[in-house]
Amino acid sequence: MSEGRLYLLAGPAVSLVVACVFLLVWLHHRKRSYVPFFAVAFCAYAMAALSQLFQIPAGVGLNTMVSGLVYTFGIFCLVQGVLARFGKAGAAPVLAAVSVAILGLLYYFMYVDRSLVARIYVQNFGYGVMFLFAAVEIFGASGRRTVDRILFWVFLLFGLHFFVRTVLTLSISPDLFALDRMRTEGADARTIGLLFRRSPFWQVLNFSLLVSGLLVALALLGAIAVDAMDELERQGRIDPLTGLANRRGFDDLAQELIADKTSHPQSLVYFDIDRFKGINDGFGHATGDLVLATVGGLVARVVMPRDVAARRGGEEFVVLLASTSARSAFHFAERMRAELRRTSFPMLPPGAVVTASFGVAERRPDEDLADLLHRADQLVYAAKHAGRDLVLTDDGVLAVPVVGQGAG
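Reading the values: rules and limits
- Residues numbered from 1 in each chain as written.
- Predicted model: local features only at pLDDT ≥ 70, side-chain atom pairs only at ≥ 80, totals over all residues.
- Heavy atoms only, no water.
- Helix = DSSP H or I, 4+ residues; strand = E, 2+ residues; numbered from the N terminus.
- Buried < 20%, exposed > 50% of the residue type's maximum accessible area, 1.4 Å probe, protein only.
- Areas by Shrake-Rupley, 256 points an atom, 1.4 Å probe, with all protein chains shown as cover.
- Patch = residues over 30% accessible without salt bridge, like charges linked within 9 Å, V, L, I, M, F, W, Y side chains within 5 Å.
- Salt bridge = Lys/Arg side-chain N within 4 Å of Asp/Glu carboxyl O.
- Pairing = 2+ DSSP bridges.
- Contact = heavy atoms within 4.5 Å.
- Core = buried A, V, L, I, M, F, W, Y, C linked by side-chain atoms within 4.5 Å.
- Polar contact = N/O pair within 3.5 Å; in protein donor to acceptor, adjacent residues only side chain to side chain.

A.B. asks: Just checking my understanding: could you explain the overall build of the chain for this structure?
C.D. replies: Helix and strand content of the chain: 15 helices and six strands. Relative to its full complement of 408 residues, the chain shows a buried share of 48%. Accessible area of the chain: about 19,700 Å², with a carbon and sulfur share of 65%.

A.B. asks: Looking at this structure, I do not really get a nonpolar patch on the surface. What am I missing?
C.D. replies: Where nonpolar side chains cluster on the molecular surface, the patch consists of Leu 62, Tyr 107, Tyr 108, Tyr 111 and Val 112 and spans about 510 Å² of accessible area. The element contributing the most residues to the nonpolar patch is helix H5 (residues 92–112), with four residues. Of note, Leu 62 is situated in helix H4 (residues 60–85).

A.B. asks: Honestly, the pairing of strand E1 (residues 267–273) in this entry has me stumped. Any pointers?
C.D. replies: Successive side chains on a regular strand alternate, one facing one side of the sheet and the next facing the other. Where burial is concerned, most of E1 is hidden: seven out of the seven residues are buried. Of the two faces of E1, both are covered, the one formed by Ser 267, Val 269, Phe 271 and Ile 273 as well as the one formed by Leu 268, Tyr 270 and Asp 272. Bridge count for E1 against strand E3 (residues 316–321) is six bridges, and the pairing is antiparallel. The partner of Leu 268 across the bridge, within E3, is Leu 320. As defined by bridge partners, E1 adjoins strand E4 (residues 356–362) across seven bridges and the pair is classed as antiparallel.

A.B. asks: I keep staring at the side chain of Asp 239 and nothing clicks. Help me out?
C.D. replies: When you line up the elements, Asp 239 lands in the loop between helix H10 (200–235) and helix H11 (247–259). The exposure class of Asp 239 is buried, given its relative accessible area of 9%. In this view, Asp 239 contacts Leu 244, Ala 245, Asn 246 and Arg 311; residues no more than four positions away in its chain are not counted.

A.B. asks: Even after reading the chapter, I still don't get the nonpolar core, so can you show me in this structure?
C.D. replies: Judged by nonpolar contacts, the single largest core of 61 residues is most densely connected at Phe 22, Phe 155 and Leu 220. Those elements that provide at least two residues to this core are helix H2 (10–28), helix H3 (35–54), H4, H5, helix H6 (116–139), helix H7 (146–171) and H10. With near-sequence residues (within four places) excluded, Phe 155 lies in contact with Val 82, Phe 131, Ala 134, Ala 135, Ile 138, Val 216 and Leu 220. Counting residues in each nonpolar core, the second largest holds 29 residues, with Val 269, Leu 321, Phe 330 and Phe 332 among its members.

A.B. asks: Mind showing me how you'd approach the environment of Arg 114 here?
C.D. replies: Among the structural elements, Arg 114 can be located in the loop between H5 and H6. Taking the C-alpha atoms as reference points, Arg 114 and Gly 61, 53 residues apart in sequence, are found 10.0 Å from one another. In this structure the side chain of Arg 114 is engaged in a polar contact, spanning 3.3 Å, whose partner is the backbone oxygen of Met 110.

This is the structure in structure tokens:
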């Protein structure tokens, strides 16, 4: 094999290695459903490049269409994978339409109006459009972080490079414009292929795709690593039993909410399941865990997206309500108290009722989170001593228990 052809093998070889890396990452992190798109994309690029390099399948027309199809499929998978990471589920039809247009124009300029230069423009400009579309979608994604901004710039520059590189390299490759005429006049296909691979366009194309492809791969691997670290951090802030925030997660999220001036006034609802020790002692800790999980599900259903809900520890739960006064928070707590009393707990004996005691405190001006939590906790303590199964605020008892003994 000639030295020139060995050089051209570098791109496909590196792409196959990168594809294997993405595959291994996905096998280790199956939850990241967008990662297989990247593995398929780099594998497709390698297959398309090898198809062109070794002329498999044989024949200029068939090879052009097959390699073009595989190249386009690879770009589609790469862009679709990135947009899937950002939750852009509706992008596939747009990408599919652009892909079909590229392949349709390739067919036209291969079999109808034969033009190598036109086919070069179609593929490179078409792929550039797909990358720029991805950049626009990334730019519009909410909550972008540093790694997301890096992905935006990588895809923007990679997309623009298809336009700039194509125009500049064609301007210094005048022989390409004569290859179609040579083919029409019956020149040997191998000679034409050799001239094409020796052109500045082809040399720059392979080098730029090798370098830019590596940069894209590194950016994507970096994004996956950041996603994995964020997931670990998120898991460290979530109570696995209830799915609510844990103490650490609540403190972090509540501080963010308190700092948001648009969320004032804010009120804290603190509650503790009544006689929970009796559930653990009488029915076992596994049953107690099921009760906690059920209560956590109730809390998750009633809170709004801006509110911060958590299992503070043991059988204690807390909800920081955004844009909520003490009176509105009281009504929220009373609805939750009544809903809890009506909730069925199949893990407990028939007719068993689980209740809780609530404390409601509106945050005072400049009051920090620790003081707010302490005030609400003291109200819960007072509610326990006042009879349980009630809501207590700074103004006193505002809701009294339904008649009947709670078994919780």
